[in-house]
Amino acid sequence: MLNNSRSYAQPGTLGALDALSDILSGVKRDVARSREVLNGAFGKIAARFAQVHAIAVAAEARDSGLSDEALNALRKVTDSLTIELQFEDSLSQLLDHVQGKVEAIGVALTETRTLVSSTPGGDAEPVGPALEVLARTVKSIQMAADAAVAERSTSSGSVELF
Amino acid sequence: MSKAILTVDDSTSMRQMLAFILKGAGYQVVQASSSDEALTHAAGRSFDMVLTDQNMPGGDGLELVCALRSLPAYADTPIIMLTTESSEEMKNKGRAAGATGWMVKPFDPNRLLEVVRKFVN
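Rules used throughout
Residues numbered from 1 in each chain as written. Chains lettered and ligands numbered in written order. Predicted model: local features only at pLDDT ≥ 70, side-chain atom pairs only at ≥ 80, totals over all residues. Helix = DSSP H or I, 4+ residues; strand = E, 2+ residues; numbered from the N terminus. Buried ≥ 20, exposed ≤ 12 C-beta atoms within 10 Å, placed from the backbone. Contact = placed C-beta atoms within 7 Å. Axes fitted to C-alpha atoms, helices over the stretch in contact; angles between N-to-C directions. Parallel < 35°, antiparallel > 145°, perpendicular 65-115°, else oblique. Left-handed = near helix turned anticlockwise from the far one by under 90°. Nonpolar A, V, L, I, M, F, W, Y, C, P; charged D, E, K, R; others polar. Pairing = 2+ DSSP bridges. Right-handed = clockwise from strand over helix to strand, strands pointing away.

**With respect to the overall build of chain B**
Scanning chain B from N- to C-terminus turns up five helices and five strands. Taking all 121 residues of chain B together, the buried fraction comes to 46%. Looking at chain B alone, contacts between residues at least 24 apart form 58% of all its contacts between residues at least 6 apart.

As structure tokens, then:
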């Protein structure tokens, strides 16, 4: 959002901060849209999976005339789909992490803008406080990165019983 | 009467997936999309096992484990964390919170059923 620039502020600096805020708002919308697309796509795939799964269950329950080999193949397909469909969850969490980072940068931009806006003309630029904001933001983003989704391969994960 | 399992995950497709697998193996399944919803279900009836995600909006899985363990009816109920988180630090937190086990997503459906049978049957 473009704010009213005070006469003593650096219009160029404030303008750049506002432009960055606008870009970040766009990224937030993109993330939200990505989540919608992802949910929609996986929802459809999950519905197809449900049909295949129902066929497999029915085939196993009745004498479907399918050979053991065919039933085993069908079972392997559904098991494999079960694992692969779970990547929606991983992708969704990765989007959460992206959203968290974008929000952290947004907060830093707002704080920096406040610092720049409140600096009287002629005074030194608020470099120290702005760097503190930057350091805090980096730390916050690093913490979000540490919690990132661990499993990215298509193999299934481990089990540990306590 | 078949054993009842409470599954907790904010992802709709993950809940469906768990329901397919568990119902296919003969278990009753009750689904919750959040920690709060899970606690509401847990207060209304008993379950033989709880499978919960970790990262969910609102209360996370570890908080749910702590909340369930504080209920006398769930002091000994098997609670398995089913999550993409796989760090030792998180697993240790799970252990400290009172979780029974930690399963990393994506899970193998057969492996999941092995674990469920181990505790429920």
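**A few points about the packing of helix 3 (residues 61–69) of chain B against helix 4 (residues 88–97) of chain B**
Residues and elements named next belong to chain B. Relative orientation of the contacting elements helix 3 and helix 4 amounts to 15°, with a least axis distance of 9 Å. Viewed along their axes, helix 3 and helix 4 adopt a mutual orientation that is roughly parallel. Of the two possible hands of crossing, helix 3 and helix 4 adopt the one that is right-handed. Along the contact surface, helix 3 presents Leu62, Val65 and Cys66, while helix 4 presents Lys93, Gly94 and Ala97.

**Focus on the interface of chain B and chain A**
Contact with chain B, which involves 30 residues of that partner, is made by 27 residues of chain A. Within the residue set of the side of chain B that touches chain A, elements represented by two or more residues are helix 1 (12–24), helix 4, strand 5 (101–104) and helix 5 (109–120) of chain B. For the side of chain B that touches chain A, the leading source of residues is helix 1 of chain B, giving eight residues. Looking at side-chain class alone, the side of chain B that touches chain A contains twelve nonpolar, twelve polar and six charged residues. Sheet topology note: the strand 1 (residues 159–161) of chain A/strand 5 of chain B ladder contains three bridges and is antiparallel. Bridging across to strand 5 of chain B, Val159 of chain A finds its partner in Met103 of chain B.

**So, the pairing of strand 5 of chain B**
Of the two faces of strand 5 of chain B, the one carrying Gly101 and Met103 of chain B and the one carrying Trp102 and Val104 of chain B are both buried. Taking the sense of rotation as the criterion, the β-α-β connection linking strand 4 (residues 79–83) of chain B, helix 4 of chain B and strand 5 of chain B turns out right-handed.

**Structural notes on the environment of Thr52 of chain B**
All names here are of chain B. Summarising the element assignment, Thr52 is placed in strand 3 (residues 49–52). Here Thr52 falls in the buried class, since 24 other C-beta atoms lie within 10 Å of it. In the structure, Thr52 is positioned 17 residues away from Ser35 in sequence and 8.7 Å away in space, judged by C-alpha atoms.

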